[in-house]
Amino acid sequence: MSAVLLGSRRQRDLTALARLLRGLHLDGFLLAGIAAVMAVGLLAGFSAGGQSSTVVWGQAVRMGAALATMVLIAQVPPVWLRRTSPWAYAMGFGLLALVLIAGDVGKGAQRWLDFGLRFQPSEIMKLAVPMMLAALLHDRPLPPSAGLIAACLGLIFAPVALIALQPDLGTAILIALSGAAVVFLAGIGAAYIIGALGLVFVSLPALWYLVMHDYQKRRVLTLINPDSDPLGAGYHIIQSKIAIGSGGLFGKGWLNGSQGQLEFLPERSTDFIFAVIGEEFGLLGAVSLLLIYLFIVGRGLVIATTAQDTFSRLLAGSISLTFFFYIFVNTAMVTGLVPVVGVPLPLVSLGGTSMVTLLAGFGILMSIQTHRKLLAQ
Amino acid sequence: MATTLRIKDHWSEQRLFTRRVIVSALFVFGLTTLVLWRLAQLQVAGYDYFSAQSQGNRIRIQPMPPTRGLIFDRSGNVLAENTPSYQLELIPEQVPDLDQTLTRLAESDLIAAEDIGELRALIDSHRRFDSIAIRQRLDDDDVARFAVQRPRFPGVEIRARLARNYPYGEAMSHAIGYVGGINAAEKRELDESDYAGTSLIGKVSIERTYEDELHGQVGHAEVLVNARGRIMDTLGNDMARPGADLILTLDSRTQLVAWEAMAGRRGAVVAIAPDTGEILTFISSPSYDANAFSSGLTRKEFNALQTDLDRPLFNRALRGAYPPGSTIKPILALGGLHHGAMSPDEKDYCIGFFQLPGKSHRYRDWKPQGHGPMDMHDAIAESCDVYFYKLATKLEIDRMANFLQRFGLGEQTGVDLGGEKAGLVPDPGWKRRSFSNRGDQVWFPGETVITGIGQGYLLATPLQLAHATATIAARGNRYRPTMLKGRRDPTTGEIVYTDPEPLKPVGVDDDEQWDRIHSAMNAVLQGDNGTARAVGMDAPLTMAGKSGTAQVFTVAQDEEYDAEEISERMRDHALFIAFAPLQAPRIAVAVIVENGESGSRTAAPIARSVIETYLAESS
């Protein structure tokens, strides 16, 4: 209807754009959402990174590389993705095992070199785990049988355990959630879900006493009472809340946030960049950013529901929901709702190689969306 | 299997999936609402409270860098200290015109004009309110010149900082190392909060190995800052804890004597106390001035050091692998005794060459006319090659390699200096593993023969040779070589000494066998026919030693040397190992002079002066 109201020239331009996007196998809605978030990222990054143009350029280059990866992956038809899933999973798993063995050799001073090595396999697994599960469930009748569910849980547990051993609990949890999302979307019964939630609840004390390190426990305790150690573990949360709270409705303005600019806020350019946004752009800015995120997640879920085979549906759903987990965990952490865990704000936090993985995921979503019609005809 | 076969029902699966997505979407909305509610709570309901917290005077935590620990030698001489020095610092946001300021500074000769490009990049990589050092080590003239023109340079200030100073300069650089600016790779490895307010880190040798202890613990000052971040007042301190002072095992006087004796020639001198493993002397020559590194080297100066043909940055004592030549003969002779391969008093006639049974190739002695009848004692004293060719064929390569390894050859000594080379003790197994070509994998009997005089594949570092010599002196007791004698708490002055770390002993318990080796090595310097009798004869104390000469068989083809240079660099390496006093050894030393031609003529005098200096001083 609205198309009728548009001038014919503008209409032509729009269809040309649509044709270009389609030729490149890109989804305009997703692309627009991602670009908007990245623009916010560069603005906030300049402010949080000490107003250094080199820092922002570095981030722009990383964004460019990640976008190129996305475009590249969008060209790959979902069928190929499905066939490569077991290989990607096997390779990622092998590398994880390798890193664990090699990681024992050099402790102490070599810690960060290890980190550089260990980073990549777990990045592969962020996509390989949901791909593997979706490929496994693809030609099985759904909802899955008990045996199939057990197989899925095994495929999730093995790499997650290896990553947790590294130890990188944050990534392990996110990968477990991405796998759980596939299993949930595959339609397992309510009894299973309630059972699993119950199991998690029951195992919490064991987690507390046996698995969690002291510094992790301290983070949980300071969440409950940050003022118990205002210059120590509670410092992050206190400064972050002051930054966001003092931003008010409209914020202090770009580059004018005293909390961020005067370095009261730790890790302001990475994990706590949402606090800089809250301080400088206020409630209005923070809510706008969340709405753009929500738009991206929503678009991802729409792509999932209109996808035409089980693999594509499950994978698209899992990627979209995992993206949301990132956003929720980070924003909830920065606003003091959940304990401090090292999860960056996707597409906005400076640095990190995880952006390539994130955009590779969006490349898959775009591939699923744009290869759909070609398959149908 | 008689289970009910379930068939994929695409239509119902699609509907099931859609339902699940709707549930997920509700979940997403729920959690988002939670965050939104929290934001509203902080930014709307809590605005007044948080705003007041951020508005009022702000308390800022400022890092106070610790003082780096001092380094002393074994008798308390300072080897590395911190001296105040003036540097020029610039705060970008207070400089109205950066280009103009830098040009003016260059005109006044306060910075080098060719460094302006690099300085710009340095300034751009910092935050606008950071104070950036643009020139270190200003002398009095510079300070005066700047003071007069100060109004021309807004945003530029002179600050006093502590700079690392190495009083002994070149002579100690390879042993102690130096500090330099933290580079990007190091920045990733270290915890940045520990290095807040510091820009220097230990780069090599002691400064690097003991970085964690020398560095100390950063302190914090709680200061009141205004909205622009200027410090208004200091509220409280959590004092920085200075790094520990290190007391090294080095003996400065001996070190200097050795350094002067090397006279800039390429080579190394390492001396070790046999009963503790303490390193008394550690020279790699030529060297560089560590002070130049700690004050910041220009690219040109660094390139000059790096491209120097004599490779002054290369730590020969730690990383130079040389064929040990005849210096290993005492060890092999002991192996022969231990395994009963040779009876020591039996005389063997040396005719100037040796042939393997049924082969025509002649393995020549260094003395073409031969040594005549030789027992083990004479064979060591006169360094008869033929005797050791025969010993090698009787011991065979596996036992020979094993015995050399018992003295620590072929593996890192584990000294507390990074980047040590392991050298090489070859055996048939090593050859099989290391060569890809089948024909090269075979161990030839001739290779056993030449291993007997320390040639062939055998390689050892000067440090390993000194360690092996110390082991001979200590009759098979081994201690890990170390540079660290103790640590001193800078505040209390309390010294904690480190204990010697014993290594697996050689495992030869027969004292008579050791006596024979010691006496033969004594004859090298102080016997009638010893190869180094010219050096040892008039010595007031009893010394033991062994000369060695290593052939230089490789010359890099792609490097351009002039004719004289080539012939100089083709000459044999001169080696000498020694220990003293003979009865109760207190020092063992290994000397290598590259292309020095003769171990007994070139290297032995250096060994003697090191030994005499040390013993004269400590007795």
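Residues numbered from 1 in each chain as written. Chains lettered and ligands numbered in written order. Predicted model: local features only at pLDDT ≥ 70, side-chain atom pairs only at ≥ 80, totals over all residues. Heavy atoms only, no water.

## As for the overall build of chain B
- If you tally the helices and strands in chain B, you get 23 helices and 23 strands.
- The buried share among the 619 residues of chain B stands at 50%.
- Long-range contacts, defined as pairs at least 24 residues apart, comprise 72% of the intrachain contacts of chain B with a sequence gap of at least 6.
- For chain B, the computed accessible surface area is about 29100 Å², with 50% contributed by carbon and sulfur atoms. (Helix = DSSP H or I, 4+ residues; strand = E, 2+ residues; numbered from the N terminus. Buried < 20%, exposed > 50% of the residue type's maximum accessible area, 1.4 Å probe, protein only. Contact = heavy atoms within 4.5 Å. Areas by Shrake-Rupley, 256 points an atom, 1.4 Å probe, with all protein chains shown as cover.)

## Observations regarding the pattern of salt bridges
All names here are of chain B.
- Counted under the stated rule, the structure contains 30 salt bridges over all chains.
- Here aspartate 99 makes a salt bridge to arginine 120, at a shortest N to O gap of 2.6 Å. Separated by 21 residues along the polypeptide, aspartate 99 in helix H3 (residues 98-107) and arginine 120 in helix H4 (residues 116-124) bring together distant segments of the chain.
- Taking the relative accessible area as the measure of exposure, aspartate 99 reaches 44% and is therefore partly exposed.
- Here aspartate 348 and lysine 390 are joined by a salt bridge, their closest N and O atoms 2.4 Å apart. A residue pair is termed long-range when its members are at least 10 positions apart, and aspartate 348 in strand S13 (residues 348-350) and lysine 390 in helix H16 (residues 385-406) qualify at 42 residues. (Salt bridge = Lys/Arg side-chain N within 4 Å of Asp/Glu carboxyl O.)

## Points about the interface of chain A and chain B
- Facing 62 residues of chain A, the contacting portion of chain B comprises 49 residues.
- Both sides of the chain A and chain B interface together cover about 4600 Å² of buried area, and 68% of this is carbon and sulfur.
- At the boundary of chain A and chain B, one finds zero salt bridges.
- On inspection of chain A and its partner chain B, the count reaches nine residue pairs in polar contact (both at pLDDT 80 or more).
- The dominant element in the side of chain A that touches chain B, judged by the number of residues it contributes, is helix H13 (residues 273-306) of chain A, at twelve residues.
- Looking at the side of chain A that touches chain B, its residues break down into 33 nonpolar, 21 polar and eight charged. (Buried area = accessible area lost by both parts, 1.4 Å probe. Polar contact = N/O pair within 3.5 Å; in protein donor to acceptor, adjacent residues only side chain to side chain. Nonpolar A, V, L, I, M, F, W, Y, C, P; charged D, E, K, R; others polar.)

## Observations concerning the packing of aromatic side chains
- In the structure shown here, the tally under the stated rule is 21 aromatic pairs over all chains.
- Between tyrosine 178 of chain B and tyrosine 288 of chain B, the aromatic rings sit 5.7 Å apart at their centres with planes inclined by 90°, giving edge-to-face as the arrangement. Taken together, the residues span a long stretch of sequence, with tyrosine 178 of chain B in the loop between helix H6 (170-176) and strand S6 (179-181) and tyrosine 288 of chain B in the loop between strand S12 (279-285) and helix H11 (290-294) at a distance of 110 residues.
- Directly above the aromatic system of phenylalanine 17 of chain B lies the positively charged group of arginine 313 of chain A, at a separation of 5.6 Å from the ring centroid.
- The ring of phenylalanine 435 of chain B has lysine 431 of chain B sitting right over it, with the charged end atom 5.9 Å from the ring centre. (Phe/Tyr/Trp six-rings, centres within 6.5 Å; stacked < 30°, edge-to-face > 60°. Lys NZ or Arg CZ within 6 Å of the ring centre and 35° of its normal.)

All quantities given are derived from atomic positions and should not be read as evidence of function.
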